[in-house]
Amino acid sequence: MLQYNDHIAIALSGGKDSLTLLHLLVKLEERFPRSDVTAISVDEGIDGYRDEALQLAKTACTTLGVKHLVVSYRELFGTTTDEIAQLSLGQTPCAYCGVLRRKAINKAAVLTGATKIATAHNLDDEVQTVLLNMLHGDPLRIARSGPVLTDPRGKFLPRIKPLCDIPEKEIVLYAYLTGLQFQTVECPHGHEALRNDIRSFLNQMEVKHPGTKFTLLRSAEKLRHQIGESILLSELRECKKCGDPTPHDLCEACIMLEAIVA
Ligand SMILES: [Zn+2]
């Protein structure tokens, strides 16, 4: 995932996962003089929720001596998640927020001169996404959501998920033992309903059949290997509006932004 001279942009929300990742990568980076770490936080515009997380992220970066860049939906897209939630659109606000966040992090990472983007998805997130893709009838998406995603044409920054095989419970344990101050409040816009059901199902399975989550992660790896990331990526074109990778004429974010503005 990492090279000795990487400049890593960490997507830092202020939650336990991203703060744990920040701590681990800063520790690792100290041993490699030519490497660098920058934290990126996104202000989605969620009243009474995001401010606390941004403050926690800022404090952690100051303590660790890490550069911290904050970008907002308002400045990048001219809207906020709170405003999107007010509209009657086809999907939940979380669906829009997720796509816009990915785009915001990409833009910010390019600004910092990073060579890679690291996100703090853990084992639980990863296997939930695998099942979610299956239940959405989009199994090929599994190939595009692996622990390391690189663009063979070198046009887009590689994305890595260093915590992808660490169970959420162990991250919580690490965060408590290290004394990390992280946000515990849930987003007021809630979560995707289907993901919540999958989370409960997987947790029940893990209790009854320990190892279920790891097995599912390995199954996804095998599928990914068979499908071949590079084939899928080579089918990606450039969005006609913003230039981001997309299998269509316009990327998901630009399609969503058009719907929001309209
Ligand atoms: Zn676009």
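See the structure printed just above.
Residues numbered from 1 in each chain as written. Predicted model: local features only at pLDDT ≥ 70, side-chain atom pairs only at ≥ 80, totals over all residues. Heavy atoms only, no water.

Side note on the packing of aromatic side chains
One pass over the structure, following the stated rule, counts two aromatic pairs. Ring centres 5.5 Å apart and planes at 65° place the aromatic pair Tyr73 and Phe77 in the edge-to-face group. With a gap of four residues between them, Tyr73 and Phe77 both fall in helix 3 (residues 73-77), about one helical turn apart. Judged by relative accessible area, Tyr73 falls into the buried class, the value being 0%. (Phe/Tyr/Trp six-rings, centres within 6.5 Å; stacked < 30°, edge-to-face > 60°. Helix = DSSP H or I, 4+ residues; strand = E, 2+ residues; numbered from the N terminus. Buried < 20%, exposed > 50% of the residue type's maximum accessible area, 1.4 Å probe, protein only.)

Comments concerning the coordination of the zinc ion
The zinc ion binds to the protein through Cys239 (SG), Cys242 (SG), Cys251 (SG) and Cys254 (SG), with metal-donor distances spanning 2.2 to 2.3 Å. Cys242 gets classed as partly exposed once you look at its relative accessible area, which sits at 33%. (Donors = N, O, S within 2.8 Å, 3.2 Å for Na, K, Ca; no water.)

A short note on helix 2 (residues 50-64)
Helix length check: helix 2 (15 residues) gives 21 Å between terminal C-alpha atoms against 21 Å at 1.5 Å per residue, within 8%. Listed in full, the buried residues belonging to helix 2 are Arg50, Ala53, Leu54, Leu56, Ala57, Ala60 and Cys61. Down the axis of helix 2, the sector holding all buried residues measures 160°, keeping them to one side. Across helix 2 from its buried face, at more than 90 degrees, point the exposed residues Asp51, Thr62 and Thr63. Gly65 occupies a position one or two residues after helix 2 and carries a positive phi of about 70°. (Expected span 1.5 Å × (residues − 1). Arc of directions from axis to C-beta.)

Details of the environment of Thr63
Looking at where Thr63 falls in the secondary structure, it is placed in helix 2. We classify Thr63 as exposed; its relative accessible area is 66%. Along the primary structure Thr63 and Val185 are separated by 122 residues, whereas in three dimensions their C-alpha atoms are 22 Å apart. A polar atom in the side chain of Thr63 sits 2.8 Å from the backbone oxygen of Thr59. (Polar contact = N/O pair within 3.5 Å; in protein donor to acceptor, adjacent residues only side chain to side chain.)

Digging into the environment of Leu28
Along the chain, the position of Leu28 falls in helix 1 (residues 16-29). Sequence separation of Leu28 and Tyr4 is 24 residues, and the distance between their C-alpha atoms is 10.0 Å.

Section: the state of the cysteines
Here the structure, examined in full by the defined rule, presents zero disulfides. Considering cysteine sulfurs only, Cys187 is the nearest to Cys97, which forms no disulfide, with 6.7 Å between them. (Disulfide = S-S within 2.5 Å.)

Examining the pairing of strand 1 (residues 7-11)
Counting buried residues in strand 1 gives five out of five residues, a clear majority hidden from the surface. The alternating pattern of strand 1 places His7, Ala9 and Ala11 and Ile8 and Ile10 on opposite faces, both of which are buried. Where strand 1 and strand 2 (residues 36-43) come together, five bridges link them in parallel fashion. Within strand 2, the position partnered with Ile8 by the bridge is Val37. Handedness of the strand 1-helix 1-strand 2 crossover: right-handed. Here strand 1 runs beside strand 4 (residues 116-118); their pairing, made up of three bridges, is parallel. Looking at the pairing, Ile10 lines up with Ala118 of strand 4. (Pairing = 2+ DSSP bridges. Right-handed = clockwise from strand over helix to strand, strands pointing away.)

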